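Observations on the three-dimensional arrangement
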Amino acid sequence: MINLKKEIKDVRNRLINYSLIALLVLASPIFIVSVIQIFISEQYFSIHFLEFGFIALVFVLRHKLSTSLKANIVASLYVLAGILGVYFFGISGGYFLSVIGIALITLFYGKRLGIIYSIIAIISFVVIQSLYFEGYIVRQIDFNLFNESLNNWISAFFTLVITSFILILSISIFHDYLTLLIKNLDTNNDKLITLNNAYENALHQVSDSETKYKKVFQSLYEAVIVSDEEGNVIDCNDSAIRLFGFNRESFLSINLHNDDIKFLYPDLTPIPKSESPGKKSLDSGLSYRNVVTGFESSEGLKWLNINSELFNIKGYGVYLTIHDITQEKIKTEELRIFNQYFSTFLNNISDIIYFVDKEGKVIFCSQSFANLNSKSSWKSLVGKYVKDILPMGYVEQYIEGDKRISSTGESIIGKIVKHIGFNGSDIYIQTSKWPIRNNENEVIGIIGISRDVTEFVEEKNNLQKKSNMINLLLNSTAEGIYGIDLDGNCTFVNNACLKILGYSSEDEFLGKNTHDLIHHSYKDGSKMHNENCTIRLAIKEGKGVSCDDDVFWKKDNTSIPVEYYSYPQIVDEKVVGCVVTFIDITNRKENEKKLINYNHELKRLNNDKDNFIKILAHDIKNPLNAIMGFSEFILTNYDDIDDETIKEYCSIINESSLKTFELMEEILLWLKVQSGKLKANPMELELYQITERISQTFIPMTQNKLITIENNIPRDLFIKADINMTRTIIRNLISNAIKYSLVGGKIIINSEKKENETIIFVQDFGIGMSEKEVEGIFLYYNNQSKEGTMGEKGTGFGLLICNELVIKQRGKIWVESQEGKGSKFIFSLPN
């Protein structure tokens, strides 16, 4: 029967949805114009966005809102749209929308709600227009001047009011009439339903027996097929349809005398039509039970257990009950295969396995277990006590373990026990046992697995010995050794490595990334990236690498120079890591520096030697030539020359001899300084007295050139210096000043006492030196002496010796000179 209330509710719901769609369409143009206005005026908000968004949200949720709520929302939106139109555009801007909303709510729910919505709209229009006339509302857009006139507004307003009330009155009359009509129809519908129920009850009583039969028939798990006397199938239950995959129409077209259903023997050969269970019963008039056949369905091969029974009722032939035993068949086959595999497993496994019940009787066991005491089959031990099977010496320990498991329920895992073997030698047996529990978590048996691990234990002991030997070797070497895996993490480290790098425990090294730990930076401290690490090349390229000039960083973040070798670790032709050996080459580096310094010193000494030879060849040759030449001339012409000439030549020979002696003395002194044999012996010296005495020795030379020496050194000035070295320095500097001073010149000797040193200088006002002469004046290769102002000769070693003697006393020497104005030689000695 039709439910009129439901139908009317559905119609009302559809009308509300259509109204909502109309409102959404009505709001779309304004929304689109507002969006366009954003891009034109850059005004990013409009009330029309909220208006359109709310309407769209209600439309999306329309199926989740109640009809009443949805109707009020739609009516409110129409009324609100009219109010907003009036607000923005005047009385002609949208009051008709409010009228539509009022009409809709009146149509859906009567005049009461229509009047309420009308009052709300009218009050809103009056308030808005009042605010407009008072100037509180300013409309930027007004489509006509009609709204400016109060009379026009009152006329339009009353038109709205009258139209609203006419709509409310007319629609409410229609609503009331429709409601009354529906009520009458509903009353008649109830009467029809009552009559229909009475008819159905009568029909139910008539077909009750058939229904019960069908219910039982269809509820049977077994498939049932019923035929008439001619073998035509006249009925089947749903189980049969599911089992054979035929629909009901196909079943009802089957005749058991035909080959419509093809059965198979267990060996998968087809069963002849005459031997099919249903036909065989129809032909012989006998029942057949538990006939196992196969059937090739769309789901694959199925195995069926068929019973064929006769009806012995006119019009009915046989009924077949068919049970699907495919899963039982599969499980039986799986169990057979499992038993075969399990039996093979128990017969061939070398481990000793047994399953016992709570009383200690064998449920099943491995053949190796049976071989402990006899050579009989393990199946013969089923039902016997374990204690009667185990050899003597084993029983007590195994039975004790079984009792503990039975009482506590705790497993025994990997327990290794030393035994005396059958041949009298020591053997090691590893045993694991687990409790077997029932559904109540009670221990009802035990599974035991034991194996002879003698070889494993012995191999483990041998490996431990080898490991100890390797550790002994690693920790006995002076070289640092460590290993890393493919990720660069340390796998082992020896004591030498820890000691060299300042670590106290291998725990600080093992498992750490060695590159980040000790090889993270170059010599200069800049970061070394992992991909640039030479050590890891052994892993990347699978070959050994070495480096004799690198640094490792110690625990205290200081670096040490090292030489290292990195060799790949290869297992099964795959690189699994590398081993790094290294040595601290700090001493080697220091010795290399010393060797370099010695080499430089040797080169310098060789240069000095060459220089010395040149000097001997040049500077000694000239005076010796003079001595030999004049002496030979005197000897050859002695009778022909007068005494005055001989005296003159002897004077030249004497002067050359003295010059040669002076040169030899200075060369010997310079060589003594260069060889390091001359050591400074500082003592307190009165500087004025030393300079004064030295000046006195030069009186003949100063008188010859009319030169005055002014000794301005304070009489109370004391310095700490080597007396012989200081005398030699001052004597050479005064000698040079006299040599290069002009006739009638002056030499000044003075000093300046400072906090850490004393400055001493000898100044002349003679010919001076050029900048080029000043630059190399103290260098050993610049030992050429130029003649003095009166042709005085020099050895060229005076200033070299001064420089070396000042340096020996940890002082400095330098010169200030201008060509044509004189020179000022200055040296300092530490206080």
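Per chain, the residues get numbers from 1 upward, laid out in the order the sequence is written. Per-residue local features are limited, in this predicted model, to residues with pLDDT of at least 70; the limit for side-chain atom pairs, both in listing and counting, is 80 or more; totals at the level of whole chains, interfaces and linings are taken over all residues. With hydrogens and water stripped out, all remaining heavy atoms of the structure feed into the side-chain values.

Remarks on the overall build of the protein chain
For clarity, the threshold we go by: Under the scheme used here, helices are H or I runs from DSSP no shorter than 4 residues and strands are E runs no shorter than 2 residues, and both carry numbers assigned from the N terminus. Buried means the residue's accessible area, taken with a 1.4 Å probe over protein chains only, is under 20% of the maximum for its type, while exposed means over 50%, and partly exposed covers the values in between. Contact definition: two residues touch when any of their heavy atoms are within 4.5 Å. Accessibility throughout is a Shrake-Rupley quantity obtained with a 1.4 Å probe, and a residue counts as covered only by protein chains that appear here.
Within the protein chain, the secondary structure is distributed over 24 helices and 22 strands. Of all 831 residues assigned to the protein chain, the portion counted as buried reaches 38%. In the protein chain, once contacts between residues fewer than 6 apart in sequence are set aside, the share between residues at least 24 apart is 54%. Surface exposure of the protein chain reaches about 49,600 Å², of which carbon and sulfur atoms provide 57%.

Overview of the pairing of strand β1 (residues 223–227)
The line we're drawing: Paired strands, as defined in this entry, are two strands with at least two bridges between them according to DSSP.
The element β1 is extensively covered by neighbouring structure, given that five of its five residues are classed as buried. In terms of strand pairing, β1 meets strand β5 (residues 318–324) through four bridges, oriented antiparallel. The partner of Ile225 across the bridge, within β5, is Leu320. Looking at chain direction, β1 and strand β2 (residues 233–236) are connected through three bridges and run antiparallel.

Focus: the nonpolar core
Put simply, the rule is: Nonpolar cores are built from buried Ala, Val, Leu, Ile, Met, Phe, Trp, Tyr and Cys residues. Side-chain atoms within 4.5 Å join them into one set.
Leu733, Ile734, Phe825 and Phe827 are the most contacted members of the largest nonpolar core, which totals 38 residues. At the level of elements, α20 (687–697), β18 (718–721), α22 (723–739), β19 (746–753), β20 (757–764), α24 (798–808), β21 (812–818) and β22 (822–830) are the ones that each hand at least two residues to this core. Looking at which element gives the most residues to this core, the answer is α22, with seven residues. Setting aside residues no more than four positions away along its own chain, Ile734 makes contact with Ile694, Ser695, Phe698, Ile709, Ile747, Ile749 and Val762.

Quick word on helix α5 (residues 111–133)
Here is the rule: One less than the residue count of a helix, multiplied by 1.5 Å, gives the span that helix is expected to have.
Under the 1.5 Å per step criterion, the end-to-end length of α5 is 32 Å for 23 residues, consistent within 8% with the ideal 33 Å. Regarding α5, the residues found buried are Gly114, Tyr117, Ser118, Ala121, Ile122, Ser124, Phe125, Ile128, Gln129 and Tyr132. One or two positions beyond α5, positive phi appears at Gly135, with a value near 90°.

Digging into the pairing of β21
Pairing of β21 with β22, which is carried by seven bridges, proceeds in the antiparallel orientation. Opposite Ile813, over in β22, you have Phe827 as the bridge partner. Hairpin remark: β21 followed by β22, antiparallel, with three residues in the connecting loop; positive phi at Gly820, about 90°.

Comments concerning unusual backbone geometry
Even without being a glycine, Leu706 presents a positive backbone phi close to 55°. Checked against the element boundaries, Leu706 lands in the loop between α21 (699–704) and β17 (708–711). Phi at Arg810 takes a positive value of approximately 60°, unusual for a residue other than glycine.

Regarding the sheet that holds β19
For the record, the criterion: Interaxial angles span 0 to 180 degrees and are taken between N-to-C directions of axes, which are lines fitted to C-alpha atoms, for helices over the stretch in contact.
Taken in spatial order, the five strands of this open sheet run β17-β19-β20-β22-β21, and their pairing is mixed. Edge positions in the sheet fall to β17 and β21, since each of these pairs with one other strand and no more. Taking each pair of neighbouring strands and ignoring which way they run, the sheet shows an average axis angle of 15°. Sheet topology note: the β20/β22 ladder contains seven bridges and is antiparallel. Directly across from Phe761, in β22, lies its bridge partner Ile826. Contacts between α22 and the sheet are confined to β17, β19, β20 and β22, with β22 contributing the most and set at about 170° to the helix.

Comments concerning the sheet that holds strand β14 (residues 559–571)
What the five strands build is an open sheet, ordered β12-β11-β15-β14-β13; its pairing is antiparallel. The open sheet has two edge strands with one neighbour each: β12 (490–493) and β13 (545–553). Pairwise comparison of adjacent strand axes, ignoring direction, gives a mean angle of 30° for this sheet. By the bridge criterion, three bridges tie strand β11 (residues 480–485) to β12 in an arrangement that is antiparallel. Residue pairing for β12: Gly483 is matched across the bridge by Phe492.

Examining the packing of aromatic side chains
For the record, the criterion: Think of it this way: a Phe, Tyr or Trp ring, Trp meaning its six-membered ring, pairs with another when their centres are within 6.5 Å, and the plane angle makes it stacked under 30 degrees, edge-to-face over 60, tilted otherwise.
Per the stated rule, a full pass over the model turns up 17 aromatic pairs. Look at Phe342 and Phe345: their rings are 6.1 Å apart centre to centre, the planes differ by 20°, and that puts the pair in the stacked class. Taken as a pair, Phe342 and Phe345 lie in helix α11 (residues 326–348) at a separation of three residues, close to a single helical turn. We classify Phe345 as partly exposed; its relative accessible area is 38%. On the numbers, 4.2 Å between centres and 35° between planes, the contact of Phe355 with Phe364 is tilted.

What about the packing of α20 against α22?
If you want to describe how two helices pack, look at the angle between their axes and the distance between the axes. Keep this limit in mind: In what follows, roughly perpendicular refers to angles from 65 to 115 degrees, roughly parallel to angles under 35, roughly antiparallel to angles over 145, and oblique to any angle outside these ranges. For any helix crossing, the convention is left-handed if the near helix is rotated counterclockwise from the far helix by under a right angle, and right-handed if that rotation is clockwise. Here the term charged refers only to Asp, Glu, Lys and Arg, the term nonpolar to Ala, Val, Leu, Ile, Met, Phe, Trp, Tyr, Cys and Pro, and the term polar to all other amino acids, Gly among them.
At their nearest, the axes of α20 and α22 sit 10 Å apart, and the two run at 50° to each other. Between α20 and α22, the interaxial angle falls into the category oblique. The crossing of α20 and α22 is right-handed. Along its contact with α20, which presents Leu687, Ile690, Thr691, Ile694 and Ser695, the element α22 presents Ile723, Arg727, Ile730, Arg731 and Ile734. In terms of residue class, the contact of α20 with α22 is built from six nonpolar, two polar and two charged.

Here's the deal with a negative patch on the surface
This is how it is decided: Patch members must show over 30% relative accessible area and no salt bridge, and they are joined within 9 Å when carrying like charges or within 5 Å when they are nonpolar side chains of Val, Leu, Ile, Met, Phe, Trp or Tyr. Within this document, salt bridges are pairs made up of a side-chain nitrogen of Lys or Arg and a carboxyl oxygen of Asp or Glu, the two lying within 4 Å of each other. His is not counted here, nor are the chain ends, while Lys and Arg score as positive and Asp and Glu score as negative. Each charge is placed at NZ for Lys, CZ for Arg, CG for Asp and CD for Glu.
Together, Asp452, Glu455, Glu458 and Glu459 give the surface a local cluster of negative charge. For the negative patch, the element with the highest residue contribution is helix α14 (residues 454–476), accounting for three residues. Classification of Glu455 by relative accessible area gives exposed; the value is 67%.

Overview of the packing of α22 against α24
Viewed as axis vectors pointing N to C, α22 and α24 meet at an angle of 145°, and their least axial separation amounts to 9 Å. α22 and α24 meet at a crossing whose hand is left-handed. For the pair α22 and α24, contact is made by Met725, Thr728, Ile729, Asn732, Leu733 and Asn736 and by Gly798, Leu799, Ile801, Cys802, Leu805, Val806 and Lys808, respectively.

What about the pattern of salt bridges?
By the definition in use, this model includes 17 salt bridges. Measuring nitrogen to oxygen at the nearest pair gives 2.8 Å for the salt bridge that ties Glu309 to Arg289. Within this pair, whereas Glu309 is found in strand β4 (residues 300–310), its partner Arg289 is found in strand β3 (residues 288–297), the two being separated by 20 residues in sequence. In this structure Glu309 comes out as buried when scored by relative accessible area, which is 15%.

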